[in-house]
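# Chain and residue survey
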Amino acid sequence: MQEILRIAVQKSGRLYEGSMKLLKECGIEISNGNNQLRVTAANFPVEVFFLRDDDIPEYVQDAVADIGFVGENVVTESNKQTDSIEKLGFGKCRLSIAVPKNGNMRTVSDLEGKKIATSYPFILSNFLKERNITASIHEISGSVEIAPKIGLADAICDLVSSGSTLFTNELKEMEVILSSEAVLISNKELSANKKIILESLLFRIRSVKKARNNKYVLLNAPNYKLDTICSLLPGMKSPTILPLAESGWSSVHSVINESDFWNVIEKLKVAGAQGILIIPIEKMIV
Ligand code: ATP
Ligand code: ZN
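Quick look at the structure, then.

Scoring rules and cut-offs
- Residues numbered from 1 in each chain as written.
- Chains lettered and ligands numbered in written order.
- Predicted model: local features only at pLDDT ≥ 70, side-chain atom pairs only at ≥ 80, totals over all residues.
- Heavy atoms only, no water.
- Pairing = 2+ DSSP bridges.
- Helix = DSSP H or I, 4+ residues; strand = E, 2+ residues; numbered from the N terminus.
- Axes fitted to C-alpha atoms, helices over the stretch in contact; angles between N-to-C directions.
- Contact = heavy atoms within 4.5 Å.
- Right-handed = clockwise from strand over helix to strand, strands pointing away.

As a further point, take the sheet that holds strand 1 (residues 5-10). Strand order in the open sheet formed by six strands is 2-3-1-4-11-5, and the pairing between neighbours is mixed. Edge strands, defined here as strands with exactly one partner in the open sheet, are strand 2 (38-40) and strand 5 (83-87). The mean angle between the axes of side-by-side strands here comes to 25°, regardless of whether they run parallel or antiparallel. Where strand 1 and strand 3 (residues 46-51) come together, six bridges link them in parallel fashion. In the strand pairing of strand 3, Leu 5 is matched with Val 46. Lying over the sheet, helix 1 (residues 16-25) contacts strand 1, strand 3 and strand 4 (67-71), oriented at roughly 145° with respect to strand 1.

With respect to the helices and strands, Arg 6 occurs in strand 1. Once the C-alpha coordinates of Arg 6 and Thr 40 are considered, the two residues, 34 residues apart in sequence, prove to be 8.9 Å apart. If sequence neighbours within four positions are ignored, Arg 6 has contacts with Glu 47, Phe 49, Ala 63, Val 64, Ala 65, Asp 66, Ile 67 and Lys 194.

Moving on to the pairing of strand 8 (residues 136-139). Alignment of strand 7 (residues 115-118) against strand 8, held across four bridges, turns out to be parallel. Within strand 8, the residue paired with Lys 115 across the bridge is Ser 136. For the segment spanning strand 7, helix 4 (residues 121-130) and strand 8, crossover handedness is right-handed.

What follows is about the sheet that holds strand 15 (residues 274-280). One open sheet accounts for four strands, arranged 13-14-12-15; its pairing is antiparallel. Edge positions in the sheet fall to strand 13 (240-243) and strand 15, since each has one partner strand and no second. If you compare each strand with its neighbour and ignore which way they point, the axes differ by 20° on average. Examined bridge by bridge, strand 12 (residues 214-222) and strand 14 (residues 249-257) share nine bridges and lie antiparallel to one another. By the bridge assignment for strand 14, Leu 218 is matched with His 253.

Shown next, in the form of structure tokens:
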């Protein structure tokens, strides 16, 4: 019988959509129509387990699941023995210390002797130890952001993405202690066959991530401007240049990184590029 790779994914919550979308873009068909706990893929040797995110590191450590998609914040806090294999590019957030906006705490050293509410006692206590600060940690499992207002704590250590929850609760971010995104974690002792399936999955995940981070660009330019324009386009190898029907003009095709996107487009326009088209890439194999 062929072995199957068991993947743990958050059952519902902030990582669910991103995890299912990634599997889908990797060409893996999972139907979770009936809200089942485990589903086998139709066309790839994987089985998906739907679990609470906090349980995923332990299940992967104990080989109940072989791999898992979970936030780095949860992996670090759980302190379980797993391998972090690949960042997945979604579920981005940060674990930060926040204090009342109108209070007098300004820097981390002002936390000395104070009470901090958090759902991340392990990460927070390590951080305080590193900074030589003695503070008491009050562990709560949810709605950490209201703790200062109700007099439960002087400060909080909680996840932030846009900062709007902090703003609503009259708190300000004082220090980021961990930047996080969803990661693929793996059991440390996968069988040889499971490693082969994981390699094949990773190949697909990396192709999807590259494609998301890059755009295909097409533009027209007069031939005498091609040197300048090509120098602005790193591309996968070098740009493709095709002659246009109108003599003295060419069409240039290349790939640009999402992070330099606007910067490069502006420079291309200044350098004389016309009719610029930007096209999303579905998969990118390099
Ligand atoms: P579960 O019921 O599975 O335990 P949960 O309530 O603990 O769910 P969610 O709020 O769904 O968890 O968050 C899951 C993960 O999403 C977090 O651990 C974190 O990695 C990530 N995340 C991204 N942005 C945020 C945010 N603004 N607030 C909280 N978590 C975020
Ligand atoms: Zn959780």
